[in-house]
Amino acid sequence: MRMLERKLVRDLARMKGQALSIGLVVACGVALFVASLSTYGSLRENRRAHDARTRFADVFASLKRAPEPLARRIAGLPGVATVETRIVQDVILDMEELPEPAVGRFVSIPAGRQPLLNRLHVRSGRLPEPGRSDEVLVNESFATWHGLGPGDSLVALLNGRRQRLRVVGVALSPEYIVALRPGSFLPDDAHFGVMWMEREALAAVFDMKGSFNDVVLALSSGASEPEVLRRLDALLAPYGGRGAYGRKEQPSYRYVEDELEELRVEATVLPVIFLAVAAFLLHIVVGRLVHTERTRIGTLKALGYGSVRVGLHYLEWMGVITLAGALVGIAVGVVLGRAWAGMYSIFFHFPETLYLLRPWIPLAAVGGSLLASMLGTLGAVQRVVRLAAAEAMQPPAPPVFRPSALERLLVGRLSSPQARMVVRSVARRPLRSALSALGVAAATAIILVGAFWSDAIGYLLEVQFSQVQREDVTVAFTEPVSERAERELRHLPGVTAVEGLRAVPVLVRAGGRSRRVELLGLPARSRLHPLWGSGPRPMELPPEGLMLSERLATLLGVRAGERVRVQVLEGAWREESMEVAGVVDEYVGLSAYMEVGALNRLMAEGPTLSAALLKVDPRHEAELYARLKDTPAVGVVTLKHAMLRVFDETFGQVLLVFSGLLTAFGAVIAFGVVYNGARILLAEKERELASLRVLGFTRREISARLLGELGLQVAVGIPVGLVLGYGLAAFSITVMGPETLRIPLIISPRTYALVAGAVMVSGALSALLVRRRLDRLDLVAVLKMRE
């Protein structure tokens, strides 16, 4: 082993604590990078392979009813490669495990064979046999929740008749990787299931023989999707078409895409912060190492080692620590990535979730961490290269100290000698102290970003489901009905309040932006779904114009007073220019609102309702649910308490994992920053501290001198970090979360206190370790003259 290599080993052994803390910070950043990117790549590849095997459709469209011969005209459209017509109908299910009604979406499949598009992956059992009107396949997530398998049965309300159906198989579909019930932004496997039934049997039940109400298309290579959509809409409009849309707008596909985008953001933003902190730590540590080894550097150069070789020696020191941290981070990242992929498999139902680690991911992680570390140590290495041997053999010139403004202001007022020493040390090296405080601030900010999510989600749930959605149950009808239905619902058991609404699918355009949403017609002063502006302040729907939720207004790039184009996608299509009368402060969904009478006039209809909001007495819930299960006009029943449960089981679980990781990694950074700062202070001040001991100062007094400066850096860093964390939290909610969810920037005083406490605990642990070294300080060895 050559001399420089032996020196490298000795230096690493001597500074093992600092090297370990820096390596852990690097490992945290690399672990997040590897876990996020590998999970992102695995899920995307699983979805791509599944879509290709099952021939996932490119275009989707639903309509009221059209004759089967129309399919030939659709197939003749330029760019269309494959056409498949279907019957799709939502019905009420009476599940034994649930007192409340569930919703089943029945989708037709050809007799005795797989569909041409959106082919099924049969997990168990078989396809329904031709001619059997009582056999269904059930989607896996619904079957798992209810414990269904081949041979079991369920009861459905099919076209007003209760019918017991036999489950002959459990299947997956690319169309329902995430099974989203109508009007929901989260999957609810307890209350929404997908059933596939043989085409002729389903047509007989709903009187749809020779007709269809849903169509899916595969496009040929090079086809223009917008042009196909335009032509398809023109064909389907006379038959009650509700607007065709591409794969990217398909609910399940978009939900998965939103989650994948979050993973991609995590993989690009957070590791940069961790590696920047690691580079900062290396900058301080290597700079201090070079300063204390001036004589050794001069000796090495005098012995014939070139400046470049000596500089490379310190880069090797940095490289060993970084590489070790990166390797540990890769290992941890693979474990985390596998766990994340397994967690997402609970929500994303692929035939199999394969974890894939592309070779470039660990290579990029190592390369990125080495580059960040090299940038952090470059300044110190440059000083090594420029340092002449003769100059290095001499002790550095003592700095010229003058009383600073801080010293003149405070020192005379401080009675403790240790306090005066702390103030002088900070005032005479303000940049070093500021950088150390900035490191503490970075750690504080990361912990705050991990911790604030529980406050934000708690506030969101409180506002959305207590102040905005005051109803307990939403009942959607199979077809628009007259307002008489509202009066009939009032007489159902347990119903204490009813409010009817009209829902119409529309396409809202503003410039080059557009979104498909439901336009909801509510009473001008809704009691069960009040609208709130910023403040919050109650809002009243105007007799003309519409209101947009803040999320939708942001996506369209419009403000109150501007105009949008609204294309109605129900009945006789029409397009109107409307004024945005206001922006509603809502956190969930992309919503547009009109006064219900104005919406009825827009649709050229009398007083008509699509759904009703119910306030229910909990004592009569079971009786109400039993009546709704037997009501033929009811198509979908949505329960608020079920939505809250689903939110907690899906988004809440992912949030808990993400928040916990950030908090843990932030604590590692806090410990690394504080510990390294303490060790550097000890290295710089050990001669001074030893002199104080000889002069009669106790161990406690010299500890107060050293740890007081450390505590001052932590005390300054924490409030700065809380401010930085607030800004980082504001940034994170703009780039994370699904499109249909707006996360409020809410951080409670309790969270601020917990974050500050966590950083102080990390600082205290670092202080204890340094105090132990102080207690073992060798006064004779330290006080020997190094010149």
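All figures in this text were calculated on a predicted structure; none of them were measured in a lab.

*Asks:* Just to check I follow, could you spell out the sheet that holds strand S1 (residues 59–67) for this structure?
*Replies:* Backbone-to-backbone hydrogen bonds join strands into a sheet, with any given pair of strands oriented parallel or antiparallel. Ordered in space as S2-S10-S1-S11, the four strands form an open sheet in which the pairing is antiparallel. Two strands in the sheet have a free side with no partner beyond their single neighbour: strand S2 (80–86) and strand S11 (245–246). Here six bridges tie S1 to strand S10 (residues 211–219), and the two strands are oriented antiparallel to one another. The residue of S10 that forms the bridge with Pro 67 is Ser 211. Along the sheet, helix H6 (residues 225–236) makes contact with S1, S2, S10 and S11, crossing S1 at roughly 15°.

*Asks:* Hey, could you run me through helix H2 (residues 16–54) in this one?
*Replies:* In this model, H2 (39 residues) spans 55 Å end to end at C-alpha, consistent with the 57 Å of a helix rising 1.5 Å per residue. Here H2 lies mainly inside the structure; 29 of its 39 residues are buried. Arg 55 sits one or two positions beyond H2 and adopts a positive phi of about 55°.

*Asks:* What's the story with the nonpolar core in this structure? I'm lost.
*Replies:* Note on soluble globular proteins: their nonpolar side chains tend to be buried together. Within the largest apolar cluster, 98 residues are counted, with the highest numbers of intra-cluster contacts made by Val 34, Tyr 344, Phe 348, Trp 453, Phe 665, Ile 669 and Ile 743. Broken down by element, the residue count for this core peaks at 16 residues, all from helix H20 (residues 651–694). In this view, Tyr 344 contacts Thr 39, Leu 43, Glu 259, Leu 263 and Val 654; residues no more than four positions away in its chain are not counted. Counting 26 residues, the second largest nonpolar core, distinct from the first, contains Val 91, Phe 142, Ala 201 and Leu 202.

*Asks:* I keep staring at the packing of helix H1 (residues 3–14) against helix H9 (residues 307–347) and nothing clicks. Help me out?
*Replies:* The description of two packed helices rests on the angle between their axes and on the distance between the axes. Interaxial distance between H1 and H9 falls to 10 Å at its minimum, and their mutual angle equals 40°. Between H1 and H9, the angle is such that the two are oblique. In this structure, the crossing between H1 and H9 has a hand that is right-handed. Residues Leu 4, Lys 7, Leu 8, Asp 11 and Leu 12 of H1 touch H9, and the partners they reach there are Arg 309, His 313, Tyr 314, Glu 316, Trp 317, Val 320 and Ile 321. A per-class count over the contact of H1 with H9 returns seven nonpolar, one polar and four charged.

*Asks:* How do you make sense of the domain arrangement of the protein when you look at a structure like this?
*Replies:* Frequently, the measure chosen for interface size is the accessible area that the parts lose on association. When its domains are assigned, the protein resolves into domain 1 (1–56 + 255–397), domain 2 (57–254), domain 3 (411–468 + 640–787) and domain 4 (495–616). Counting residues at the interface gives 13 residues for domain 3 and 14 residues for domain 4. The three residues of domain 3 that bury the most area against domain 4 are Val 468, Glu 739 and Arg 742, which together make up 53% of that side's buried surface. Taken together, the links from domain 3 to domain 4 amount to two salt bridges. Note that Arg 742 is salt-bridged to Asp 585, the shortest N-O span being 2.3 Å. For the pair domain 3 and domain 4, the interface holds five residue pairs in polar contact (both at pLDDT 80 or more). Residue composition of the side of domain 3 that touches domain 4, by class: seven nonpolar, four polar and two charged.

Calculation rules
Residues numbered from 1 in each chain as written. Predicted model: local features only at pLDDT ≥ 70, side-chain atom pairs only at ≥ 80, totals over all residues. Heavy atoms only, no water. Pairing = 2+ DSSP bridges. Helix = DSSP H or I, 4+ residues; strand = E, 2+ residues; numbered from the N terminus. Contact = heavy atoms within 4.5 Å. Axes fitted to C-alpha atoms, helices over the stretch in contact; angles between N-to-C directions. Expected span 1.5 Å × (residues − 1). Buried < 20%, exposed > 50% of the residue type's maximum accessible area, 1.4 Å probe, protein only. Core = buried A, V, L, I, M, F, W, Y, C linked by side-chain atoms within 4.5 Å. Parallel < 35°, antiparallel > 145°, perpendicular 65-115°, else oblique. Left-handed = near helix turned anticlockwise from the far one by under 90°. Nonpolar A, V, L, I, M, F, W, Y, C, P; charged D, E, K, R; others polar. Domains from an automatic or database assignment. Buried area = accessible area lost by both parts, 1.4 Å probe. Salt bridge = Lys/Arg side-chain N within 4 Å of Asp/Glu carboxyl O. Polar contact = N/O pair within 3.5 Å; in protein donor to acceptor, adjacent residues only side chain to side chain.

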